[in-house]
Amino acid sequence: AQSVTQLDSHVSVSEGTPVLLRCNYSSSYSPSLFWYVQHPNKGLQLLLKYTSAATLVKGINGFEAEFKKSETSFHLTKPSAHMSDAAEYFCVVSEPAGNKLTFGGGTRVLVKP
Amino acid sequence: EAGVTQSPTHLIKTRGQQATLRCSPISGHTSVYWYQQALGLGLQFLLWYDEGEERNRGNFPPRFSGRQFPNYSSELNVNALELEDSALYLCASSLLRQGPYEQYFGPGTRLTVT
């Protein structure tokens, strides 16, 4: 069985300051991990993916995430928040065959001017 | 490259009716997935179709069903609608032969049951 816990349901940051979204996972397998973003009334967009090739993963729009096996964590960061980053972010773990995604509860990000 | 498309955008039904939602995957993708995003319940896996067969389903009653057509598009049917079926239904597609199997999502169909 696999599960994902996003430690913060809401995060508020000021524009230009760093963003940190925390995610812990549990998996019986060597996991595939993803971060998706959902803007209001939109579908989900893939931000980045962990493929076991490198523990520090760079994604789109300046986001990156670090896989730490010892801590079973996959936290998402961005050095400088932009107003357009206001959205809901989902940490996701995939079964090895990729046929089922398990989503975290989501973190809603508010960016203040 | 066209993304995953879903229709209709919005659907309003009354309790007890049937709803049909449609999804067209990215060209070349053979797998289609359905998810339900209900208020307060988060995103939950519903169904997975690949090569026309149902491969896996989540913890949903049998009144949630679907199929995948030879062109890989898919249909989700929800019978005997209940008020708690009101949700955003997301479809995703992927190419299983290309790891790590990231799924690409459509914009969703918002189903409202009154």
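Residues numbered from 1 in each chain as written. Chains lettered and ligands numbered in written order. Predicted model: local features only at pLDDT ≥ 70, side-chain atom pairs only at ≥ 80, totals over all residues. Heavy atoms only, no water.

A.B. asks: How should the overall build of chain A be read in this particular structure?
C.D. replies: Broken down by element type, chain A carries 0 helices and 12 strands. Along chain A, helices and strands appear, N-terminal first, in the series β-β-β-β-β-β-β-β-β-β-β-β. Projected onto its principal axes, the C-alpha positions of chain A cover 40 × 30 × 20 Å. Across the 113 residues of chain A, 46% fall into the buried class. Counted over contacts in chain A with a minimum sequence separation of 6, partners at least 24 positions apart contribute 55%. With an accessible surface of roughly 5,400 Å², chain A has 52% of that area assigned to carbon and sulfur atoms. Within chain A, one finds 10 positive and 8 negative side-chain charges whose respective centroids are separated by 3 Å. (Helix = DSSP H or I, 4+ residues; strand = E, 2+ residues; numbered from the N terminus. Buried < 20%, exposed > 50% of the residue type's maximum accessible area, 1.4 Å probe, protein only. Contact = heavy atoms within 4.5 Å. Areas by Shrake-Rupley, 256 points an atom, 1.4 Å probe, with all protein chains shown as cover. Lys, Arg positive; Asp, Glu negative; His and termini not counted. Charge placed at Lys NZ, Arg CZ, Asp CG, Glu CD.)

A.B. asks: What's the story with the pairing of strand β5 (residues 42-50) of chain B in this structure? I'm lost.
C.D. replies: Residue and element names in this part refer to chain B. With 7 of 9 residues buried, β5 lies mostly within the body of the structure. Alignment of strand β4 (residues 31-38) against β5, held across 8 bridges, turns out to be antiparallel. Residue Ala-38 lies in a different strand from β5, and its bridge partner there is Gly-42. For β5 and strand β6 (residues 53-57), the ladder comprises 4 bridges, and the chain directions are antiparallel. Directly across from Leu-47, in β6, lies its bridge partner Arg-57. Linkage of β5 to β6, two consecutive antiparallel strands, is achieved through a turn of 2 residues, within which Glu-51 is found at a positive phi near 50°. (Pairing = 2+ DSSP bridges.)

A.B. asks: Would you take a moment to explain the interface of chain A and chain B for this structure?
C.D. replies: Reports often express the size of an interface as the amount of accessible area lost when the parts come together. Across the boundary between the two partners, chain A contributes 18 residues, which contact 17 residues of chain B. At the boundary of chain A with chain B, total buried surface from both sides reaches about 1,600 Å², with 60% on carbon and sulfur atoms. The tally of links between chain A and chain B comes to 1 salt bridge. With its nearest N and O atoms 2.6 Å apart, the salt bridge here joins Lys-49 of chain A to Glu-102 of chain B. One can count 4 residue pairs in polar contact (both at pLDDT 80 or more) joining chain A with chain B. For the side of chain A that touches chain B, the elements supplying multiple residues, two or more each, are β5 (32-38), β6 (44-50) and β11 (101-103) of chain A. (Buried area = accessible area lost by both parts, 1.4 Å probe. Salt bridge = Lys/Arg side-chain N within 4 Å of Asp/Glu carboxyl O. Polar contact = N/O pair within 3.5 Å; in protein donor to acceptor, adjacent residues only side chain to side chain.)

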